[in-house]
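Observations on chain architecture
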Amino acid sequence: MNFLKKGTVVWLLLTALGKISIAQVVIPVITSHNAMLLQADKGGDLKTIYFGKKLADQAEYKKITEVYKTSADYTGVLNSAYTSSGSRNLAEPAISVTHADGNKSLDLKYISHKIENIGNDVSLVSILLKDPAYPVEVTLYYKLYYKEDVIEQWSVIRHHEKGNIVLDKYASANLYLKAGSYWLRQYHGDWAKEMQPEETELTHGIKTLDSKLGTRANLFEPSMFMVSLNKPATEDEGSVLYGSLEWSGNFKIDLEVDPQDNLRIIAGINNYASPYALKPGEDFTTPAFLYTFSDKGKGDVSRKLHTWARNYKIPDGKGSRYTLLNNWESTYFDFDESKLSGLLKDTKKLGVDLFLLDDGWFGNKYPRNGDNAGLGDWQENKKKLPNGLVSLVKEAQKEGVKFGIWVEPEMVNPKSDLYLKHPDWVIKQPKRPEYYFRNQLVLDLANPAVQNFVYGIIDSLFIKNPGLAYIKWDCNAVIYNAHSNYLGKNQSQFYVDYVKGLYKVLDRIRIKYPTVPMMLCSGGGGRVDYGALKYFTEYWPSDNTDPLERIFMQWEYSYFYPAIASANHVTDWGKQPLKFRVDAAMMGRLGFDIVINKLSASDLLFCQNAVKTYNLVKPIIWQGDQYRLADPGKNNVASIMYVDSAKASAVVFNYLVNYRYGVESKPILFKGLDPKKHYRVTEVGLYPGTKSALAGQLIYSGDFLMTIGFDPSVNSNRTSVVLELNELAGG
Ligand code: DGJ
């Protein structure tokens, strides 16, 4: 592979030319635009000597250490590529262990490395480190996605001591960046308030992003973040690193501006309450820390991450998704077979692909008529569904629509048969009162019997209903009173083993049902991460579907996740007109959760037409390149654009986000078009009976649209405007 050869060249140059002696090894971690250079010095310390934009002349890499000086006292310590603790290092460690003899020191030295080509565009760098004093070794892995400039980094820890060692800390990655200042964009939230951004300059010391919630790890703070170097990056300018941990549980990300003004980032599973005992000869594999970097601003880095996610991570990322009608907000728990029959007909009438039956369809002794009973008892409620799901799935087939179903298989209500039968499967402290989140408790997925049970819920749904076409997997409770009956004295493994147990179940489901679309939901967006998105085709960003709120939230999510993965439903939340609600939901996978048979004739017609329009433009939204044109946080009108790979067609969504008197749009500069091509601009998705304010033949060159711009004419009478751009035949 070309890029492997390039990497080797760097190594040879660095070792053969000039100042660096042969005893030193430089390991290039190179992608299309970026370079990370690791160097093992004579003493065997593995250091990061550079991370950032690739240099045009590779021969100049050897000069880096002349310019970037680290005081001799700190070299290999502050810039360690995987900082160990208890020896010379006094900085925040990536790894910390207690040996079988009780000693707490670790000092990892470079032994060897490999660079392998493991697929078209993908290579794997592995570096073996060993402690000379104790038989403990760590292999650092860097999986490089060359074109997308994405790196997944993880470590595998093993030892050959006489007894178990304890991993007190076991990070996935330890990065080191050099700049004049560092600007962190982080997120916080809660139910219905996901993805609230904050951007601040990092000061000396450690800033920690973390979660200790067990499940729903993102509820208060997700692991994704970005760091701009020298000044906050804009969409098109600036150096910026995106990072996030591929782990659906407790995480800890330390961002430390060190005494030499460099930024150390140490990311991994949170070691809170989790010292992990490791047997001799066993591997402990950390989850991957995902990161990518661009010197061309946030837009470039997002587009590369989106491409990576569609190509390599999200199941069927390059495929299609079902539009749907969901019944959660139209019925809540109050439905029966005849109501659902009506909803199947509405699904057809609306023109969407699938009906999604939400919470409330199960439980008999403890019927699921509210959120306080039934979780765990996954048999159809006989009163609501006397003929079972089978008959509904068949009816859907007759209507010509698909059928999907909601489950929350990790959970149990104390009012359930499952709870009575298997108290040992429930996470709770044996000597303390139970404490509930949404009246429920979490099942102990560290226990293989519980894993089998959870897998069996999904498997038997498919076995009994082969026509089932979609799963919404919910997870509404955090873990209180963390204690696993199964783990006995090994409680400190619990948080890690829970997530590993969850992934084991999801692996089994994906082996048997590789293509079924599944939504990742967690009482809103309480669990959105690329660890879980390996299994799920889409995520539910938030229960807050107020379209104005969603414009802001979807904007922030879009830094990290492609539109195809964002499940957006039209509901009755918010004060915006129906058209605004539908337009906002179109920037992802469109769904509806409203009462169709209560819509006026023109609202219904509008929705039906909108579904048709969406079906025409969805390939551009799902697979095209996204350009965030106007930030809702900084402008009166927010604007987001999707352009297909041929630059032949585009869709531009524009929304009024400031409702003060007299506010209207100004020309918006489009992006991503071919300057030489000519495009026809058409307003689509008009409400029945209204005319577009954009009259005449709207034909412009890409150059014009990107230099002078286009005014979508958004104002208080036209609060959302969707534009379609199509290349004129012959350019
Ligand atoms: C929380 C989810 O976010 C909602 O969409 C809905 O499925 C409810 N749970 C059902 O209990």
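Up top you'll find the structure we're talking about.
**What about the site of the ligand?**
Contacts to the ligand come from 13 residues, most closely from D358, D359, K472, D474 and D543. In the model, an oxygen atom of the ligand is placed 3.0 Å from a nitrogen or oxygen of the G524 main chain. Note that an oxygen atom of the ligand is positioned 2.5 Å from one of the side-chain N or O atoms of D543. Counted by class, the shell around the ligand contains four nonpolar, three polar and six charged residues.

**Points about the pairing of strand β25 (residues 468-473)**
Counted residue by residue, β25 has six buried out of six residues, so it is predominantly covered. As defined by bridge partners, strand β22 (residues 402-407) adjoins β25 across five bridges and the pair is classed as parallel. If you follow V407 over to β25, its bridge partner there is W473. Of the strand pairs in this sheet, β25 and strand β26 (residues 518-520) are connected by three bridges, and their pairing is parallel. Paired with W473 across the strands is L520, a residue of β26. In this view, the connection linking β25 to its parallel neighbour β26 by way of helix α9 (residues 494-512) has right-handed handedness.

**Observations regarding the sheet that holds strand β29 (residues 589-592)**
Taken together, eight strands build an open sheet; the order of strands is β27-β26-β25-β22-β21-β20-β29-β28 and the sheet is parallel. Every other strand in the sheet has two partners, leaving β27 (538-539) and β28 (567-570) as the edge strands with one partner each. Sheet topology note: the strand β20 (residues 324-326)/strand β21 (residues 354-357) ladder contains three bridges and is parallel. Within β21, the position partnered with L325 by the bridge is F355. In the packing of helix α6 (residues 388-399) onto the sheet, the strands contacted are β21, β22 and β25, and the crossing angle to β22 comes to about 145 degrees.

**Description of unusual backbone geometry**
Despite not being glycine, D149 has its phi angle at roughly 60 degrees, a positive value. With respect to the helices and strands, D149 occurs in the loop between β7 (136-145) and β8 (150-159). For D149, a relative accessible area of 2% corresponds to the buried category. The residue A192 is not glycine, and still its phi comes out positive at about 65 degrees. Relative to the assigned elements, A192 resides in the loop between β10 (182-188) and β11 (196-201). The class of A192 is buried, set by a relative accessible area of 10%.

**Looking at the packing of helix α11 (residues 578-585) against helix α12 (residues 601-623)**
Across the interface, α11 lies against α12 with an axial gap of 11 Å and an inter-helix angle of 20 degrees. Here α11 lies roughly parallel to α12, going by the angle between them. As α11 runs across α12, the sense of the crossing is right-handed. Contacts from L578, K579 and V582 of α11 reach α12 at D603, F606, C607 and A610.

**Re the pairing of strand β6 (residues 122-130)**
Regular strands have side chains that alternate between both faces of the sheet. With eight of its nine residues buried, β6 lies for the most part within the structure. Note: strand β5 (residues 109-119) against β6, nine bridges, orientation antiparallel. Bridge pairing in β6 places E116 opposite L124. Between β5 and β6, which pair antiparallel and follow one another directly, the connecting turn spans two residues, one of which, D121, has a positive phi of 80 degrees. One ladder, built from nine bridges, connects β6 with β7; its direction is antiparallel. In the strand pairing of β7, L128 is matched with T139. Joining the antiparallel neighbours β6 and β7 is a turn of five residues.

**What to know about the packing of aromatic side chains**
For the coordinates displayed, the defined rule picks out 47 aromatic pairs. Taking the centre distance of 6.4 Å and the plane angle of 5 degrees together, the rings of F653 and Y655 count as stacked. By relative accessible area, which is 0% here, F653 ends up buried. In textbook terms, an aromatic cluster arises when at least three aromatic residues are bridged by ring pairs, as seen for Y145, W308, Y312, Y530, Y539, Y557 and Y561. A cation sits over an aromatic face here: K212 above Y272, 5.7 Å from the ring centre. Between the NZ or CZ atom of K472 and the centre of the ring of W540, over which it lies, the distance is 5.6 Å.

**Some thoughts on the pattern of salt bridges**
Per the counting criterion, the structure on display carries 39 salt bridges. Here D254 makes a salt bridge to K169, at a shortest N to O gap of 3.6 Å. Within this pair, whereas D254 is found in strand β15 (residues 251-257), its partner K169 is found in strand β9 (residues 165-178), the two being separated by 85 residues in sequence. Two residues, D583 and K579, come together in a salt bridge whose shortest N-O distance is 2.7 Å. With D583 and K579 both in helix α11 and four residues apart, this pair spans about one turn of that helix. Since its relative accessible area comes to 11%, K579 is described here as buried. Salt bridges linked by common partners bring D45, R88, D107 and K109 together as one network.

**Re the nonpolar core**
When a protein is soluble and globular, its nonpolar side chains tend to lie buried together. Y142, W361, F403 and F592 are the most contacted members of the largest nonpolar core, which has 187 residues in total. Those residues within four positions of F403 in sequence are excluded, and the remaining contacts are L344, L354, F355, L357, L389, L392, V393, A396, G467, L468, A469 and Y470. If you look at the next biggest cluster of nonpolar residues, it comprises 23 residues, including V637, A650, I668 and V714.

**Looking at helix α5 (residues 337-350)**
Given a rise of 1.5 Å per residue, 14 residues ought to cover 20 Å, and the 20 Å separating the end C-alpha atoms of α5 matches this to within 8%. Those residues of α5 not exposed but buried are E337, L340, S341, L343, L344, D346, T347 and L350. Once α5 ends, the next one or two residues include G351, with phi positive near 95 degrees.

**Observations regarding the sheet that holds strand β2 (residues 34-40)**
The three strands lie next to each other as β1-β2-β3, forming an open sheet whose pairing is antiparallel. Every interior strand has two partners, whereas the edge strands, β1 (25-30) and β3 (46-53), have only one. When strand polarity is set aside, the average angle formed by the axes of neighbouring strands in this sheet is 15 degrees. Pairing between β2 and β3: seven bridges, direction antiparallel. Residue pairing for β3: Q39 is matched across the bridge by K47.

So, how was this worked out
- Residues numbered from 1 in each chain as written.
- Predicted model: local features only at pLDDT ≥ 70, side-chain atom pairs only at ≥ 80, totals over all residues.
- Heavy atoms only, no water.
- Near = heavy atom within 4 Å.
- Polar contact = N/O pair within 3.5 Å; in protein donor to acceptor, adjacent residues only side chain to side chain.
- Nonpolar A, V, L, I, M, F, W, Y, C, P; charged D, E, K, R; others polar.
- Buried < 20%, exposed > 50% of the residue type's maximum accessible area, 1.4 Å probe, protein only.
- Helix = DSSP H or I, 4+ residues; strand = E, 2+ residues; numbered from the N terminus.
- Pairing = 2+ DSSP bridges.
- Right-handed = clockwise from strand over helix to strand, strands pointing away.
- Contact = heavy atoms within 4.5 Å.
- Axes fitted to C-alpha atoms, helices over the stretch in contact; angles between N-to-C directions.
- Parallel < 35°, antiparallel > 145°, perpendicular 65-115°, else oblique.
- Left-handed = near helix turned anticlockwise from the far one by under 90°.
- Phe/Tyr/Trp six-rings, centres within 6.5 Å; stacked < 30°, edge-to-face > 60°.
- Lys NZ or Arg CZ within 6 Å of the ring centre and 35° of its normal.
- Salt bridge = Lys/Arg side-chain N within 4 Å of Asp/Glu carboxyl O.
- Core = buried A, V, L, I, M, F, W, Y, C linked by side-chain atoms within 4.5 Å.
- Expected span 1.5 Å × (residues − 1).

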